[in-house]
Amino acid sequence: MKIVVLVKEVPDTYGDRKLDLETGLAQRAASERVIDEIGERALEVALSHADANAGTEVVVLSMAPEEAQASVRKALAMGAASAVQVVDPALAGADLGVTAKVLAAAVQRAGFDLVITGNLSTDGSGGVIPAMIAERLGVPQATALSAVTITDTTVSGTRATDAGTAQVSAPLPAVISITEALPDARFPNFKGIMAAKKKPLEVVTLADLGIDVDPASAPQTILTAVGAKPPRGAGVKITDEGDAGEQLAAFLIENRLA
Amino acid sequence: MTFAADSVLVLLDVTPAGELASSSAGLLGAAAQIGTPVALVVAGDHALPTLAAAAGSLGAAAVLTAGLNGADTQLTVPLVDALTAAAQLVEPDAVLVSNSIEGRDVAGRFAARTDAALAVDAVGVARDEEGVLAHHSVYGGAFTATSAPTFGPLVVTVRQGAVDARAEAVAAPEVTALTVTPSGAAAASIESFDAAVVESSRPELRGAPKVVAGGRGLGSLEKFVLVEQLADALGAAVGASRAAVDAGYIPYAHQVGQTGVSVSPQLYVALGISGAIQHKAGMQTAKTIVAINKDGDAPIFDIADFGIVGDVFQVVPQLIAALEAKKA
Ligand SMILES: Cc1cc2nc3c(=O)[nH]c(=O)nc-3n(C[C@H](O)[C@H](O)[C@H](O)COP(=O)(O)OP(=O)(O)OC[C@H]3O[C@@H](n4cnc5c(N)ncnc54)[C@H](O)[C@@H]3O)c2cc1C
Ligand SMILES: Nc1ncnc2c1ncn2[C@@H]1O[C@H](COP(=O)(O)O)[C@@H](O)[C@H]1O
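Here, residues in each chain are numbered from 1, in the same order as that chain's written sequence. Chains carry letters from A onward and ligands carry numbers from 1 onward, assigned in written order. Residue-level local features of this predicted model are given only where pLDDT is at least 70; pairs of side-chain atoms are given and counted only at 80 or more, and the full residue set underlies all totals for whole chains, interfaces and linings. Values shown for side chains rest on all heavy atoms present in the structure; no hydrogens or waters enter the calculation.

The name recorded for chain B in an unreviewed UniProt entry is Electron transfer flavoprotein alpha subunit apoprotein, from Microbacterium telephonicum. UniProt positions are given in the numbering used here, feature names are shortened, and annotations may be inferred rather than shown by experiment. The UniProt entry for chain B carries the following text under Sequence similarities (unreviewed entry): "Belongs to the ETF alpha-subunit/FixB family."

The name an unreviewed UniProt entry assigns to chain A is Electron transfer flavoprotein subunit beta, from the organism Microbacterium telephonicum. The UniProt entry for chain A carries this comment under Sequence similarities (unreviewed entry): "Belongs to the ETF beta-subunit/FixA family."

### Describing the packing of aromatic side chains
Aromatic contacts are taken between Phe, Tyr and Trp rings whose centres are within 6.5 Å, Trp giving its six-membered ring; a plane angle under 30 degrees counts as stacked, one over 60 as edge-to-face, and the others as tilted. This structure, assessed with the given rule, holds three aromatic pairs over all chains. Centroid distance Phe251 of chain A to Phe306 of chain B: 4.6 Å. Interplanar angle 40°. Geometry classified as tilted. Residue Phe251 of chain A is located in helix H7 (residues 244-254), and its partner Phe306 of chain B is located in strand S15 (residues 306-309); the two belong to separate chains. A 1.4 Å probe rolled over the protein chains alone gives each residue an accessible area, and that area as a share of the maximum for its type sets the label: buried under 20%, exposed over 50%, partly exposed in between. Among the residues examined, Phe306 of chain B registers a relative accessible area of 6% and is labelled buried. Relative to Phe143 of chain B, the ring of Tyr139 of chain B has its centre 6.2 Å away and its plane inclined at 85°; by these criteria the two rings are edge-to-face. Overall, Tyr139 of chain B belongs to the buried group, its relative accessible area being 10%. Its relative accessible area of 8% is what places Phe143 of chain B among the buried residues. Charge-over-ring placement is defined geometrically: NZ (Lys) or CZ (Arg) within 6 Å of the ring centre, and within 35 degrees of the ring normal. Across the ring face of Phe313 of chain B, the terminal group of Lys223 of chain B is positioned such that the distance to the ring centre comes to 5.1 Å. For the purposes of this entry, the term helix denotes a DSSP run of H or I that reaches at least four residues, the term strand denotes a run of E that reaches at least two, and both are numbered from the N terminus.

### A look at the domain arrangement of chain B
Residues and elements named next belong to chain B. Segmentation of the chain into domains, including their bounds, is taken from an automatic or database domain assignment. Split into domains, chain B comes out as domain 1 (7-177) and domain 2 (210-327). The C-alpha centroid of domain 2 is placed 33 Å from the C-alpha centroid of domain 1. Taken residue by residue, the interface counts five residues in domain 1 and four residues in domain 2. Note on definitions: buried area is the accessible-area loss of two parts on being combined, 1.4 Å probe, summed for both. Together, Gly140, Gly141 and Arg159 form the three largest contributors to the area buried by domain 1 at its contact with domain 2, with a combined 86%. We define a salt bridge as a side-chain nitrogen of Lys or Arg found within 4 Å of a carboxyl oxygen belonging to Asp or Glu. Linking domain 1 to domain 2 there are zero salt bridges. For this analysis, a polar contact is any N or O atom pair within 3.5 Å, provided that within protein one partner can donate a hydrogen and the other can accept it, and provided that sequence-adjacent residues contribute only side-chain to side-chain pairs. The interface formed by domain 1 and domain 2 contains one residue pair in polar contact (both at pLDDT 80 or more). Class assignment of the residues belonging to the side of domain 1 that touches domain 2 gives a composition of two nonpolar, two polar and one charged. Only heavy atoms enter the contact rule, under which two residues are in contact if any of them lie within 4.5 Å. Three categories are distinguished: nonpolar for Ala, Val, Leu, Ile, Met, Phe, Trp, Tyr, Cys and Pro, charged for Asp, Glu, Lys and Arg, and polar for the others, with Gly belonging to the last.

### Quick word on the site of ligand 2
All names here are of chain A. Any residue with at least one heavy atom within 4 Å of a molecule or strand is counted as near it. In the vicinity of ligand 2 lie 17 residues, with Leu6, Val7, Met63, Ser121 and Gly127 positioned nearest. One of the backbone N or O atoms of Gly118 is found 3.1 Å from an oxygen atom in ligand 2. Ser121 has a polar backbone atom sitting 2.8 Å from an oxygen atom of ligand 2. Bound to the protein, ligand 2 loses 97% of the 480 Å² it would expose on its own. Contributions of two or more residues to the shell around ligand 2 are made by strand S4 (57-63) and strand S6 (114-118). Accessible surface is estimated by sampling points in the Shrake-Rupley manner with a 1.4 Å probe; for residues, cover comes only from the protein chains shown.

### A word on the side chain of Thr146 of chain B
Along the polypeptide, Thr146 of chain B turns up in strand S7 (residues 143-149). A distance of 3.2 Å separates a polar atom in the side chain of Thr146 of chain B from a polar atom in the side chain of His135 of chain B. When residues no more than four places from it in sequence are discounted, the contact partners of Thr146 of chain B are Ile222, Leu223, Thr224 and Ala225 of chain A together with Leu133, Ala134 and His135 of chain B.

### Quick word on the pairing of strand S13 (residues 267-271) of chain B
Residues and elements named next belong to chain B. Summarising burial for S13: five of the five residues are buried, a large majority. Neither face of S13 is left uncovered, since the one carrying Leu267, Val269 and Leu271 and the one carrying Tyr268 and Ala270 both have all their residues buried. Relative to S13, strand S11 (residues 210-214) is paired through five bridges, and the arrangement is parallel. For Val211, the partnering residue across the bridge sits in S13 and is Tyr268. Should DSSP find at least two bridges between two strands, the strands are taken to pair. Sheet analysis places S13 next to strand S14 (residues 288-293), joined by five bridges and oriented parallel. By the bridge assignment, Leu267 is partnered in S14 with Thr288.

### Some remarks on the confidence of the model for chain B
The predictor reports its confidence for every residue as pLDDT, a score running from 0 up to 100. The share of residues in chain B with pLDDT of 70 or more is 99%, and the mean pLDDT across the chain is 96. Quick note on the complex model: pTM equals 0.95, ipTM equals 0.95.

### Considerations on the interface of chain A and chain B
Each partner contributes residues to the interface: chain A has 82 residues there, and chain B has 85 residues. Surface buried jointly by chain A and chain B totals about 7,000 Å² across both partners, of which 56% is contributed by carbon and sulfur atoms. Three residues, Glu135, Arg232 and Leu257 of chain A, lead the burial of chain A against chain B; their summed loss comes to 11% of the area buried on that side. At the junction of chain A with chain B, the criterion picks out nine salt bridges. The closest approach of N and O atoms between Glu135 of chain A and Arg113 of chain B, which form a salt bridge, is 2.7 Å. Joining chain A to chain B, the criterion identifies 50 residue pairs in polar contact (both at pLDDT 80 or more). Broken down by element, the side of chain A that touches chain B gets its largest block of residues, nine residues, from H7 of chain A.

### Here we look at the sheet that holds strand S9 (residues 164-171) of chain A
Taken in spatial order, the 10 strands of this open sheet run S11(A)-S5(A)-S4(A)-S1(A)-S6(A)-S10(A)-S7(A)-S8(A)-S9(A)-S10(B), and their pairing is mixed. Each edge of the sheet is formed by a strand with only one pairing partner; in this case those strands are strand S11 (201-204) of chain A together with strand S10 (189-195) of chain B. Neighbour to neighbour, the strand axes of the sheet diverge by 30° on average, direction disregarded. Relative to strand S10 (residues 174-178) of chain A, strand S7 (residues 141-150) of chain A runs parallel, the two being bridged by three bridges. Paired with Ala142 of chain A across the bridge in S10 of chain A is Ile176 of chain A. Interaxial angles span 0 to 180 degrees and are taken between N-to-C directions of axes, which are lines fitted to C-alpha atoms, for helices over the stretch in contact. Along the sheet face, helix H3 (residues 96-110) of chain A touches strand S1 (2-6), S4, strand S5 (82-86), S6 and S11 of chain A and points at about 150° away from the line of S4 of chain A. Packed onto the sheet, helix H4 (residues 101-114) of chain B meets S7 and strand S8 (154-160) of chain A and runs at close to 115° relative to S7 of chain A.

Below is the structure:
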């Protein structure tokens, strides 16, 4: 069984994240870059399946600039067998349509029984890539799974939406996305870090994938304006001396909030 | 059947109870701001006439109806097939879908299938000389961004509860039964389904004018009731931090923040929440923020309009009593 896990490099959410007001792109220098936490959890789902099932091959795939290689290596250090990184200057500022096209082509090229992604990235918050890739690959998708069972021929799990909770299943090959209800990922250990240096990390370009991102070839989404909101300041702060509840009630009533 | 040149196609979510989802009013309200709203509803045949009338009352000038065609047993694909047929018929300037889990999947597959430009998690839509625009709130509201298609219709997923505009009711919308040819695309099957228990009379978190949220500081499932009591005293919705959700005090649907729901209420009350950056990302655009925390250095105080350094178990019962005394 071959599982391809999609990981995205994002600005660390623990720091201040900034958009370039000229280009609308993330300011790479403004924050640390890390593998999105949900991508690590997706990798954990694949690795724990591999731990229990000999003959499982886990490949990580990321579309990111060259500088992101350290993040891809980290995924290898955690335990993936090999990695594919799609790097191409033409992909700077790629929209969702281009991203999905590229990732689907790279998944197809790697070969797969199952693709595992995060449900939602912390920078784009799109949550659409898994379904877009599934459509391009012509396979079923089951998104937002909070529990996953993988067999040789199927993937099934629990999918919680606003409307309720469903048990869903799909024959392989398929695409799934997982939620943060699934366990946090393992840390790479020393042995893993050493081993990662020797694991294959293939860098592929758009030409290797045979993909055209010419804006004339298909519609794309572009940013037409970006703005920063002034940061919010602090107001009144009091220490409770026995009547803070009453003071707060008065504040809420005065401001017509109660 | 012909459709207005400025038609905006809107896919309305239908709840398991067979009603239009609460996102519908905002979606049709947004559509009316940029063109003529044409709604698509997919449901069991018997429910379609009522749903079509409901869509009209929320502002749909025309309604396309389609039967389930497997939408109750298969994920996403039957809805994408219906949306594709509707878009071919209507040739809209934009397609609006709810940014719900199901809506995102449908929008993603539809955009990939039709090679259309896609804008996600919009907090509003607009139109200029060149066409339809989507407005976004990025990095927890620290930035705003506007996106547009290079050409063709824009497919937009609209954040639930973000659009306040409402369309004028249409008494007799034109209703057309849509012919859908199944694509035969492989789909995942729905094997069983448990509908979410619709919660009491408390407002829904998304779009609620007031939210009272609790964090790990509440200490236990039993003591989390304090959050609900204050919410009820204020007529507010209940939110939570990820730590409170992880600890099992409350289901994930109530999580506010980076990987939960984003809210922009008039009033946000944070009880026993430290104010981690990922939590702030989901609530810092609230109009008024109130925080109660034992730790005077908690980062939530940096953005609170009214902060109380104190114990929630002392302050909140007194607050509730004072609010009730005022009402009486
Ligand atoms: C990728 C990623 C995504 C994340 N997404 C989210 C998200 O969507 N939402 C979210 O909330 N978090 C999110 N987090 C987690 C976030 O970093 C914090 O861990 C979390 O918000 C902490 O929750 P908390 O404030 O309830 O708990 P804590 O940080 O433990 O704070 C508890 C607070 O309660 C106070 N307290 C204790 N007892 C009392 C008392 N009796 N009275 C008053 N105050 C008391 C303490 O002083 C403390 O400040 C995310 C993290 C990552 C890495
Ligand atoms: N550039 C990328 N490279 C690899 N995986 C990605 C990329 N963008 C999105 N994904 C995957 O798609 C999931 C959802 O992302 P998004 O649709 O951006 O919210 C992520 O958790 C990743 O698994």
